[in-house]
Amino acid sequence: MLNYAAQRLIQAFVAMFGVLTIVFIVMHLSGDPTLLLVPQDASAEMIAELRHQLGFDRPVWVQYLDYLYGLLHLDFGVSVVQRVPALDIVASRLPYTIQLAAGALVVAIGFGIPAGIVMATMRGSVIERILTAIVVTGQSVPTFLSGILLIFIFGVTLRWLPTSGSGEFSALIMPSIALGALSMSTFARMTRISIIDELGKDYVRAGRARGLSLGSVVVRHVLRNAAIPVITIAALEIGNLLAGAVIIETVFAWPGIGQLAIQSIQSRDFMIVQVIVLLISFVYVLTSVLADFVYALVDPRIRLVR
Amino acid sequence: MDVAANPLLSVDRLTIDIAGAHVVDEVSFTVAPGKVIALVGESGCGKSLTSYAMLGLLPPAARRTEGRIMLENVDLAVISERRFRKVRGKDISIIFQEPSASLDPLTTVGEQIAEAYRVHHGVSKTEAFEKARQMLVDVGIPDPGRRMYQYPFELSGGMCQRIMISIALICGPRVLIADEPTTALDVTIQAQILDLMKKLVAERGTAIVLITHDMGVVADIADDVAVMYAGRIAEIAPVHALFREPKHPYTALLLASVPKLDDAPKADLATIEGMVPNPSEFGVGCRFADRCPLATDKCRLEQPSLVDCGNGHRSACWHIDRLAEIRKVAT
Ligand SMILES: Nc1ncnc2c1ncn2[C@@H]1O[C@H](COP(=O)(O)OP(=O)(O)O)[C@@H](O)[C@H]1O
Ligand SMILES: [Mg+2]
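Remember, it's a predicted structure, so these values are computed and weren't measured experimentally.

Examining the overall build of chain A
Helix and strand counts for chain A stand at 13 helices and zero strands. Ordering the α and β elements of chain A from the N terminus gives α-α-α-α-α-α-α-α-α-α-α-α-α. Dimensions along the principal axes, computed over C-alpha positions, put chain A at roughly 85 × 60 × 30 Å. A total of 306 residues make up chain A; the buried ones form 45% of that total. The long-range share in chain A, meaning contacts at least 24 apart out of those at least 6 apart in sequence, stands at 71%. Element-wise, carbon and sulfur atoms account for 70% of the exposed surface of chain A, whose accessible area totals about 15600 Å². Computing the positive centroid from 20 side-chain charges and the negative centroid from 18, chain A places the two 19 Å apart.

Some details on the nonpolar core
Grouped together as the largest cluster of nonpolar side chains are 110 residues, with contacts concentrated most on B:Phe29 and B:Val209. At eight residues, helix H6 (residues 157–169) of chain B tops the list of elements feeding residues into this core. Here this core spans two domains, since at least three of its residues come from each of domain 1 (9–105 + 156–228) and domain 2 (243–329) of chain B. Excluding its chain neighbours within four sequence positions, the residues that come into contact with B:Val209 are B:Leu9, B:Phe29, B:Val31, B:Ile37, B:Leu39, B:Met54, B:Val175, B:Leu176, B:Ile177 and B:Ala178. Counting 32 residues, the second-largest nonpolar core is a separate cluster that includes A:Ala12, A:Leu71, A:Phe76 and A:Ala86.

Description of the confidence of the model for chain B
Residues and elements named next belong to chain B. For chain B, mean pLDDT is 89; residues scoring 70 or higher make up 92% of the total. Scored below 50 in pLDDT, residues 260–270 shows 22 contacts in the model against residues more than four places distant or in partner chains. Interface scoring of the predicted complex returns ipTM 0.88; its pTM is 0.85.

Here we look at the sheet that holds strand E2 (residues 21–31) of chain B
All names here are of chain B. Taken in spatial order, the four strands of this open sheet run E2-E1-E4-E5, and their pairing is antiparallel. Only two strands of the sheet have a single partner each, and these edge strands are E2 and strand E5 (74–75). Here two bridges tie strand E4 (residues 62–71) to E5, and the two strands are oriented antiparallel to one another. Counterpart to Leu 71 in the pairing with E5 is Val 74. In the packing of helix H1 (residues 47–54) onto the sheet, the strands contacted are strand E1 (9–18), E2 and E4, and the crossing angle to E1 comes to about 115°.

As for the UniProt feature "domain: ABC transporter" (unreviewed entry) in chain B
As annotated in UniProt, the feature "domain: ABC transporter" (unreviewed entry) corresponds to residues 9–255 of chain B in the numbering used here. Across residues 9–255 of chain B, helical content stands at 39% and strand content at 27%; the span's end C-alpha atoms are separated by 28 Å.

Focus on empty space enclosed by the protein
Leftover empty space is mapped by rolling, across the atoms, a probe with the size of a water molecule. Residues and elements named next belong to chain B. Applying the stated rule across the entire model yields three cavities of 30 Å³ or more. Here the largest cavity defines a volume of roughly 100 Å³. Taken together, Tyr 229, Arg 232, Ile 233, Ala 234, His 248, Cys 286, Arg 287, Phe 288, Gln 303, Pro 304 and Ala 316 make up the lining of the largest cavity. For the lining of the largest cavity, the element with the most residues is strand E10 (residues 232–238), which contributes three residues. Per-class residue counts for the lining of the largest cavity are seven nonpolar, two polar and two charged.

Some points on the confidence of the model for chain A
When pLDDT is averaged along chain A, the result is 88; 98% of the residues meet or exceed 70. At the low end of the mean pLDDT range in chain A sits helix H2 (residues 34–37) of chain A, at 72; at the high end sits helix H9 (residues 202–209) of chain A, at 96.

Some thoughts on the site of ligand 1
Residues and elements named next belong to chain B. By nearness alone, every residue bordering ligand 1 is listed as Ile 18, Glu 42, Ser 43, Gly 44, Cys 45, Gly 46, Lys 47, Ser 48, Leu 49, Pro 59, Ala 61 and Pro 279. A distance of 2.6 Å is found between an oxygen atom of ligand 1 and a backbone nitrogen or oxygen belonging to Gly 44. In the model, an oxygen atom of ligand 1 is placed 2.9 Å from a nitrogen or oxygen of the Lys 47 main chain. Considering ligand 1 on its own, with 560 Å² of exposed area, one finds that the protein chains cover 64% of that surface. Ranked by residues supplied to the shell around ligand 1, first place goes to H1 with three residues. Of the residues that constitute the shell around ligand 1, the class distribution is six nonpolar, four polar and two charged.

Focus: H6(B)
Along an α-helix, residues three or four positions apart point the same way, because every turn accommodates 3.6 residues. All names here are of chain B. Here H6 is 13 residues long and its end C-alpha atoms lie 18 Å apart, about the 18 Å a rise of 1.5 Å per residue gives. Of all 13 residues making up H6, twelve are buried, and the element is well covered by its neighbours. Where H6 is concerned, the buried positions are Gly 158, Met 159, Cys 160, Gln 161, Arg 162, Ile 163, Met 164, Ile 165, Ser 166, Ile 167, Ala 168 and Leu 169.

Side note on the sheet that holds strand E8 (residues 207–212) of chain B
All names here are of chain B. Pairing is mixed in the open sheet, where eight strands are placed in the order E6-E7-E8-E3-E9-E10-E12-E11. Across the chains shown, the open sheet's two edge strands, defined by having one partner strand only, are strand E6 (92–95) and strand E11 (307–308). Looking at chain direction, strand E7 (residues 175–179) and E8 are connected through five bridges and run parallel. Note that in E8 the partner of Asp 179 across the bridge is Ile 211.

Things to note about the pairing of E6(B)
All names here are of chain B. Residues Ile 92 and Ile 94 point to one face of E6 and Ser 93 and Ile 95 to the other, with burial holding for every one of them. Note that E6 and E7 share four bridges and pair parallel. The residue bridging Ile 95 from the neighbouring strand is Ala 178, located in E7.

Observations concerning the pairing of E2(B)
Residue and element names in this part refer to chain B. In terms of burial, E2 is a largely internal element, nine of the eleven residues being buried. When E1 meets E2, the two strands line up antiparallel, connected through seven bridges. From the neighbouring strand, Leu 14 faces E2, where its bridge partner is Val 27. Taking the residues between adjacent antiparallel strands as the criterion, E1 and E2 are bridged by two residues, where Ala 19 takes a positive phi near 50°.

What counts and what doesn't
Residues numbered from 1 in each chain as written. Chains lettered and ligands numbered in written order. Predicted model: local features only at pLDDT ≥ 70, side-chain atom pairs only at ≥ 80, totals over all residues. Heavy atoms only, no water. Helix = DSSP H or I, 4+ residues; strand = E, 2+ residues; numbered from the N terminus. Buried < 20%, exposed > 50% of the residue type's maximum accessible area, 1.4 Å probe, protein only. Contact = heavy atoms within 4.5 Å. Areas by Shrake-Rupley, 256 points an atom, 1.4 Å probe, with all protein chains shown as cover. Lys, Arg positive; Asp, Glu negative; His and termini not counted. Charge placed at Lys NZ, Arg CZ, Asp CG, Glu CD. Core = buried A, V, L, I, M, F, W, Y, C linked by side-chain atoms within 4.5 Å. Domains from an automatic or database assignment. pLDDT = per-residue confidence, 0-100. Pairing = 2+ DSSP bridges. Axes fitted to C-alpha atoms, helices over the stretch in contact; angles between N-to-C directions. UniProt positions renumbered as here; feature names shortened; annotations may be inferred. 1 Å grid on protein atoms, 1.4 Å probe; cavity = no way out; pocket = protein on both sides within 12 Å on 5 of 7 lines; lining within 4 Å. Points joined across faces, edges and corners; volume = space filled by probe spheres on them. Nonpolar A, V, L, I, M, F, W, Y, C, P; charged D, E, K, R; others polar. Near = heavy atom within 4 Å. Polar contact = N/O pair within 3.5 Å; in protein donor to acceptor, adjacent residues only side chain to side chain. Expected span 1.5 Å × (residues − 1).

Put into structure tokens, the structure is as follows:
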């Protein structure tokens, strides 16, 4: 188990290091990153000065080490537009995105997993068909479209919910649904497939043969076994939600890091973009490590052997 | 067959359909307390479906269309699922061919045995756990205190089968169905598991329906044998009568591939030329006709029913009187 944990942590560390390096390479790919950071109409002197100021006139490997050294000290550079540390700006927007992602995750897991369980165990029923319709819709309507549709129906026509902004709980509902819809479908489909797969296994028949009802076998044995592939999906989906937030936050004027990313790209504030990219990558790596630990909790074959 | 006098379980003209074909067709047999009946036959002849039907656990594709399954005087074929649940594991238990796959990989074996007890008895977890530990002692598992907390993947196939036997017997069922219980195990382990089963029948008077395709196992442990072919019983008899003088060409050919009873524990049923027909190709005649050296036109046109040949020996063949021809060919 210790061995397994150490392995996962080392892998995560290597992955994160790879991400840092790739981000650095991308920033320097176009040659001189100074050009990415200045307004389009900047004069040659301004560019030269900024280049020197940011250290971009030094050899690339010195810059790379300097970049890593900075990251170690949580120094992610300064926003060229606002002249404050990029990290502070991102940090001020982060709580909104966390709220939104949490809301979306509640929608995705809270609806998706029970829906998957029902779809797998009540095959052929009316409720299964209704759920299938919902899941297919969630999966096939693009995020920006479902956002606009929700605004149109519940915000503009019915006037039940605010169309944009943040602050009240009611403002969180529509963006959460719009953002969570796709993940919800993924969770429902994975849960369904995984349970159906488990239901065909010998231990289910054996469980019923000792007198358990099918329902008891599902609750006591099948769900836990079926959870293993769903955990993998959960880890990926959390990262996907952050990526999806870029669109949803724009549609709903939600002041999180997704909206910030778009604004920063538009104003060529690449230090901020860099922080956001690193942050999302970090979340992907972190959730996949967490998933590996949850596996070990659920599955003795991992916990006791490796 | 003396068991007919006082059967505990009697299956009567059981017929199971899959996609319109009778994959199990008018199967009848009985078993008395403390006796072992073996169902033998090539893979795909309907042995497992027959056993699942006895537990009311047929797969969704399969449907019992006819027949009764009498446990003393209760017809299991018609009772509700709710009532059947009280029978499973308590009156009739089963062990399967793949013991490791039959256990939940994420639950300790101790919990799974205790669960089998608690389903039928309203006792505390601790009490059920103690009962389970005692059961492990009975099936000869060393160091039961530690084994209780192990997971299936930590145990060998033979060990898992002992766990399955513990689960099957913890409520003291009157009938144990064993569906190829040793097929997936090493030869030495096979013998141990069979010995264990023999011992349990003797001690507890459990009736056993043993499904196998190993004639050596049949000779070793069965009292009666039903030879199945393509969903039907070809021949059914007390074990000695069947081995001494088979009354069906299929049985005769099977036994011909076992030169002497005692020194050939492994007979391969697939040594007869030709293949078992697919259920979709079952014709109107005898299902064995295509592979039978005695087959005539009558065999291809008319299905033979089981005929009593005396002493509880019954065979479904139009040419019982010509069986000497096969015995000659075989030797
Ligand atoms: N779930 C199922 N769906 C469709 N056909 C099945 C199913 N289970 C068994 N069968 C068919 O029924 C026949 C009998 O199968 P089975 O009882 O498993 O045979 P045996 O146990 O003697 O090897 C075979 O032809 C098999 O293909
Ligand atoms: Mg079988």
